[in-house]
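Reading the structure
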Amino acid sequence: MKTIGMRTLLGTVAASVCLISATGQQASAGQLHNGWNYGIDAFNDGSGGAAYEIKGLAIKETADSVFVALTGGMPLTGTANGSAADGNVGWGDLFFNFSGNNFTTASNQSSLFGIRFAGTNDSGAASTGVYQNVQAKSVTGANHGYGSLRQYYNAGYNKTNTLGTDLPTAQAAYNYLYPANVASNPTTGNTPILNVINSGTKVGDIAMLTSSALTAAGLDFGHFGANGSQTIGFQFNRSLIGSGDYLANVFVECGNDGVALAGNLEAVPEPSSMAGLALVGLSAAGSMLRKRRTLTASSTN
Ligand SMILES: [Ca+2]
Ligand SMILES: [Ca+2]
Ligand SMILES: [Ca+2]
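Note that this is a predicted model, so its numbers are computed, not measured.

Below, the discussion takes up the confidence of the model for the protein. Taken residue by residue, the protein gives an average pLDDT of 86. The fraction at 70 or more is 79%. Overall, residues 1–28 carries pLDDT values under 50, and its contacts beyond four positions in sequence, including any with other chains, amount to 37 contacts.

Dropping the structure here:
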């Protein structure tokens, strides 16, 4: 492949794309800080104690990678629980939904992207990595968990920022996760917590990141007072998932807590269109820089 010559050109394009990406995230949702987009979860909605408490989800896009970080009390390898079928309750899988549809519909249409990052969880995915054409399923039953989101809320865990700052209320969670007829009448029978990959096609691997690598990449949950005892991070190739506005979310295996994040990923430039994109990028760079300065100024308030 003739990629070496292209990489030099890509450097110029990448700089422009990054600026567009930063402004895109700001416009979409989430809370942008130091290049990362944050969804900060309620600190008091982890049913079962500190090990089940999620505090935040953050995502950063660069020219060729997507970085993901999670923080809370749940270790990457889960926590021992004698009532779970495998004696352990851990993280579910992370989903990206670019379809614009609610999560259940996107799952039924196998249009989700899914990432298994916890190698010891009960995912239907064969190994860790990035999957496309994903359908989700619930494993809360085998993990001593909630049979439905409604049951979780009935148990007293309907807190502000229930699925993070982008889905702050129970109704917002219902509206995103389920079709309209369910969201308008959510019951313990129609709101399953679909929290792992059921089926899909693996398209690539993830690379786990150390805490020092995450810090070097600019991750700072402490900016929101959201540092958990466990912070997990990984990255994968930008080309492995879709582009545009997304909603990402993850629950723990028992459904005892979950968090979501709304954002935007820029499309990966195709080699055939790069020359044109470079021109667009250069002409747009001036206005983007002005916008960025404005954003930077406003974000320091
Ligand atoms: Ca939480
Ligand atoms: Ca388990
Ligand atoms: Ca939550």
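Right, picking up where we left off after that structure.
The subject of this paragraph is the sheet that holds strand S3 (residues 54–61). Pairing is antiparallel in the open sheet, where six strands are placed in the order S1-S2-S3-S4-S12-S11. Since the sheet does not close on itself, it has two edges, and those belong to strand S1 (31–33) and strand S11 (207–209), each with one partner. Taken pair by pair, the neighbouring strands of this sheet meet at an average axis angle of 25 degrees, ignoring direction. Here S11 runs beside strand S12 (residues 230–237); their pairing, made up of three bridges, is antiparallel. Directly across from Ala207, in S12, lies its bridge partner Gln235.

Distances from the calcium ion (ligand 1) to its protein donors, Asp41 (OD), Ala42 (O), Asp45 (OD), Glu53 (OE), Ile54 (O) and Asp257 (OD), fall at 2.2 to 2.3 Å. Metal-centred angles of 83 to 176 degrees between the six donor atoms at the calcium ion (ligand 1) mark the site as octahedral. Here the donor residues of the calcium ion (ligand 1) share one chain and are spaced in sequence as D-A-x2-D-x7-E-I-x202-D. Between the calcium ion (ligand 1) and the calcium ion (ligand 3), the interatomic distance is 3.9 Å, and Asp41 donates to each metal, bridging them. Judged by its relative accessible area of 0%, Asp45 is buried.

The subject of this paragraph is the environment of Tyr246. Within the element layout of this structure, Tyr246 appears in strand S13 (residues 244–251). The exposure class assigned to Tyr246 is buried, which follows from its relative accessible area of 3%. Spatially, the C-alpha atoms of Tyr246 and Leu261 are 8.2 Å apart, while their sequence positions differ by 15 residues. Ignoring anything within four residues of it in the chain, the contact list for Tyr246 reads Asn37, Ile59, Phe96, Asn97, Phe98, Leu261, Ala262, Gly263, Asn264 and Leu265.

Conventions we followed
Residue numbering note: each chain is counted from 1, following its sequence as written. Starting at A for chains and at 1 for ligands, labels are handed out in the order in which the entities are written. For a predicted model such as this one, the threshold for reporting local features is a pLDDT of at least 70, and the threshold for listing and counting side-chain atom pairs is 80 or more; totals across whole chains, interfaces and linings nevertheless cover every residue. With hydrogens and water excluded, all non-hydrogen atoms of the structure serve as input to the side-chain values. Confidence of the predictor in every single residue is expressed as pLDDT, which spans 0 to 100. Contacts between residues were defined by any pair of non-hydrogen atoms, one from each residue, lying within 4.5 Å. Two strands make a pair as long as DSSP finds a minimum of two bridges between them. We count a stretch as a helix when DSSP gives it H or I for four or more residues in a row; a strand needs E for two or more, and each element gets its number in order from the N terminus. Axis definition: a line fitted to C-alpha atoms, limited for helices to the stretch in contact. Angles are taken between N-to-C directions and run from 0 to 180 degrees. Only N, O and S atoms count as donors, using a 2.8 Å limit from the metal and a wider 3.2 Å limit for Na, K and Ca, and since water is excluded some coordination spheres may look unfilled. In this scheme the shape depends on donor count and angles: four donors with every angle between 85 and 135 degrees give tetrahedral, four or six donors with opposite pairs above 155 degrees and others between 65 and 115 give square planar or octahedral in turn, and any other case is irregular. Think of it in three bands: with a 1.4 Å probe and only protein chains considered, a residue is buried below 20% of the maximum accessible area for its type, exposed above 50%, and partly exposed in between.

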